[in-house]
Amino acid sequence: MATIIDGKHYAERLRAEIGRQVVQLREAHLVTPGLAVILVGEDPASQVYVRNKARQAREATMASFEYRLPHGVPQEKLLELIERLNADPAVHGILVQLPLPPQVDAERVINAIRPDKDIDGFHPVNVGSLATGGDGTVPCTPLGCMMLLKHHLGDLSGLRALVLGRSNIVGKPMATLLLRENCTVTIAHSKTVGLDEECRRADILIAAVGRPRMVPGDWIKPGATVIDVGINRIEENGKARLVGDVDFDSAVATAGAITPVPGGVGPMTIACLLLNTLEAACRQHGLPVPAGVMEAAWG
Ligand SMILES: NC(=O)C1=CN([C@@H]2O[C@H](COP(=O)(O)OP(=O)(O)OC[C@H]3O[C@@H](n4cnc5c(N)ncnc54)[C@H](OP(=O)(O)O)[C@@H]3O)[C@@H](O)[C@H]2O)C=CC1
Ligand SMILES: Nc1nc(=O)c2c([nH]1)NC[C@@H]1CN(c3ccc(C(=O)N[C@@H](CCC(=O)O)C(=O)O)cc3)C=[N+]21
């Protein structure tokens, strides 16, 4: 039986430590980190995430600003709002919830965010920084996955990692982070031939596909560490529920450790968003970025 990696618990501890750092920052330097979240349209799943982000930011005593724009909002209005937030000294982090409706060019919107306020790490400046080993913002979901992996495995050097999915927000930055930790990295996607065999070679399997329970237990190398990023809403026995990209019930018998859905990567994503906002606030005020936050939180 696999060890269940309790992302919810780790995220709670991390948020508590971030909260302590926020209080120190305010007491020592009169700075309150501010997070602005923009949601376009009424996608129910996005509404849940945005609500959770705002609530958890406030719990960490950060300032939270929420902007809800109608589905049909013209691109110019969205760009104007970003310009305003770019210039607002109370806002240190700006997140535009993806996906965006078709009349909006997501690339243009991301490019409009000031790179030092891009707490998602999606701006090309931050993407380039990650690729070349710089210290720009790392995307929240891969950062959260990496924290769980390092805490569980310690040194990742020489391990074979398979990243299933190559999106800009999860798969690609995840692969870059694993490479930085000296893993031997394979990236698989919808055109990959022999996916089951690729998976069976992996000591670390990251699933970020968006297909409910696509990875069965017999694709998993015995003892492997499995990080399930997928968040899929399905209906089962007449009830709505969330499942990952991995078939948890069969995977738990083969894997050495596995993250559940819900309660795995999702809560870590939000905790890392708050961490990125705290760090952005420090940088924007010319203050040192708090070191060892994860160690302080988890011991
Ligand atoms: N827990 C969290 O915090 C977060 C969870 N998510 C979840 O993670 C999942 C992935 O998200 P995201 O990266 O944005 O998704 P995308 O849809 O952007 O990317 C999906 C990737 O999976 C690949 N893929 C699709 N079908 C298959 C298949 N049958 N076999 C192999 N590869 C396949 C695609 O390949 P190709 O490139 O060839 O099309 C693509 O690279 C979703 O469930 C999403 O909800 C996302 C962000 C945060
Ligand atoms: N610009 C941008 N940045 C993102 O980081 C971003 C985005 N857009 N668009 C959508 C995806 C998805 N995402 C999640 C965040 C938290 C949970 C989360 O907290 N999940 C809980 C369950 C929540 C529930 O019940 O729905 C869990 O897994 O336990 C899930 C998914 C961030 N994303």
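Residues numbered from 1 in each chain as written. Chains lettered and ligands numbered in written order. Predicted model: local features only at pLDDT ≥ 70, side-chain atom pairs only at ≥ 80, totals over all residues. Heavy atoms only, no water.

Colleague: Lay out the side chain of T259 with the relevant residues and their values.
Modeller: Tracing the backbone shows T259 in the loop between strand 11 (257–258) and helix 10 (265–284). Among the polar contacts made by the side chain of T259, one reaches the main-chain amide nitrogen of D228 at a distance of 2.8 Å. (Helix = DSSP H or I, 4+ residues; strand = E, 2+ residues; numbered from the N terminus. Polar contact = N/O pair within 3.5 Å; in protein donor to acceptor, adjacent residues only side chain to side chain.)

Colleague: Just give me the short version of the UniProt feature "domain: Tetrahydrofolate dehydrogenase/cyclohydrolase catalytic" (unreviewed entry) in the protein, but keep the residues and values in it.
Modeller: UniProt records the feature "domain: Tetrahydrofolate dehydrogenase/cyclohydrolase catalytic" (unreviewed entry) for residues 5–120 in the present numbering. The distance from the first to the last C-alpha atom of residues 5–120 is 24 Å, and the span holds 51% helix and 16% strand. (UniProt positions renumbered as here; feature names shortened; annotations may be inferred.)

Colleague: Give a detailed account of empty space enclosed by the protein, specifying residues and quantitative values.
Modeller: Following the criterion strictly, the structure yields 1 cavity of 30 Å³ or more and no others. Looking at the largest cavity, its volume works out to about 50 Å³. Around the largest cavity, the lining residues are I94, L95, V96, L98, I110, I113, D118, D120 and F122. Looking at the lining of the largest cavity, the element that brings in the most residues is strand 4 (residues 93–96), giving 3 residues. (1 Å grid on protein atoms, 1.4 Å probe; cavity = no way out; pocket = protein on both sides within 12 Å on 5 of 7 lines; lining within 4 Å. Points joined across faces, edges and corners; volume = space filled by probe spheres on them.)

Colleague: Which residues make up the layout of surface pockets, and what values go with them?
Modeller: One number sums up the size of the second largest pocket: a volume of about 590 Å³. Taken together, 24 residues make up the lining of the second largest pocket; nearest its centre are L143, M147, R180, L275 and E279. Broken down by secondary-structure element, the contributors of at least two residues to the lining of the second largest pocket are helix 6 (140–153), helix 7 (171–180), helix 10 and helix 11 (293–298). For the lining of the second largest pocket, the element with the highest residue contribution is helix 6, accounting for 5 residues. Looking at side-chain class alone, the lining of the second largest pocket contains 11 nonpolar, 6 polar and 7 charged residues. (Nonpolar A, V, L, I, M, F, W, Y, C, P; charged D, E, K, R; others polar.)

Colleague: Could you give me a rundown of the site of ligand 1, with the residues and numbers involved?
Modeller: Close to ligand 1 lie 22 residues, the nearest being R166, S167, S190, R211 and T269. The side chain of R211 places a nitrogen or oxygen atom 2.7 Å from a nitrogen atom of ligand 1. In the environment of ligand 1, an oxygen atom lies 2.6 Å from a nitrogen or oxygen atom belonging to the side chain of T269. Summarising the interface, the protein chains cover 70% of the accessible area of ligand 1, which totals 930 Å² for the free molecule. Ranked by residues supplied to the shell around ligand 1, first place goes to helix 10 with 3 residues. Here the shell around ligand 1 is composed, by residue class, of 10 nonpolar, 10 polar and 2 charged. (Near = heavy atom within 4 Å. Areas by Shrake-Rupley, 256 points an atom, 1.4 Å probe, with all protein chains shown as cover.)

Colleague: Describe in detail the pairing of strand 7 (residues 204–207), supporting the description with residues and values.
Modeller: Here strand 7 shows a buried face lined by I204 and I206 and a second buried face lined by L205 and A207. Examined bridge by bridge, strand 5 (residues 160–164) and strand 7 share 4 bridges and lie parallel to one another. Each bridged residue has a counterpart across the sheet, and for A161 the counterpart in strand 7 is I204. Strand direction decides the pairing type here: strand 7 and strand 8 (residues 225–228), joined by 4 bridges, are parallel. Looking across to strand 8, one finds that I206 is bridged to I227. (Buried < 20%, exposed > 50% of the residue type's maximum accessible area, 1.4 Å probe, protein only. Pairing = 2+ DSSP bridges.)

Colleague: How would you explain the UniProt feature "binding site: NADP(+)" (unreviewed entry) in the protein if you had to name every residue and give the values?
Modeller: Under the UniProt annotation, "binding site: NADP(+)" (unreviewed entry) lies at G165, R166, S167 and I231. Summarising the element assignment, R166 is placed in the loop between strand 5 and helix 7. Residue classification places R166 among the partly exposed positions, given a relative accessible area of 43%. Those residues within four positions of R166 in sequence are excluded, and the remaining contacts are G171, K172, I187, A188, H189 and K191. (Contact = heavy atoms within 4.5 Å.)

Colleague: I'd like to hear about the sheet that holds strand 2 (residues 34–40), residue by residue, with values.
Modeller: Spatially, 3-2-4 is the arrangement adopted by the 3 strands of the open sheet, whose pairing is parallel. With one partner strand each, in any of the chains shown, strand 3 (63–69) and strand 4 form the two edges of the open sheet. Averaged over all pairs of adjacent strands, the angle between strand axes in this sheet comes to 15°, irrespective of strand direction. Across 4 bridges, strand 2 lies against strand 4 in parallel orientation. (Axes fitted to C-alpha atoms, helices over the stretch in contact; angles between N-to-C directions.)

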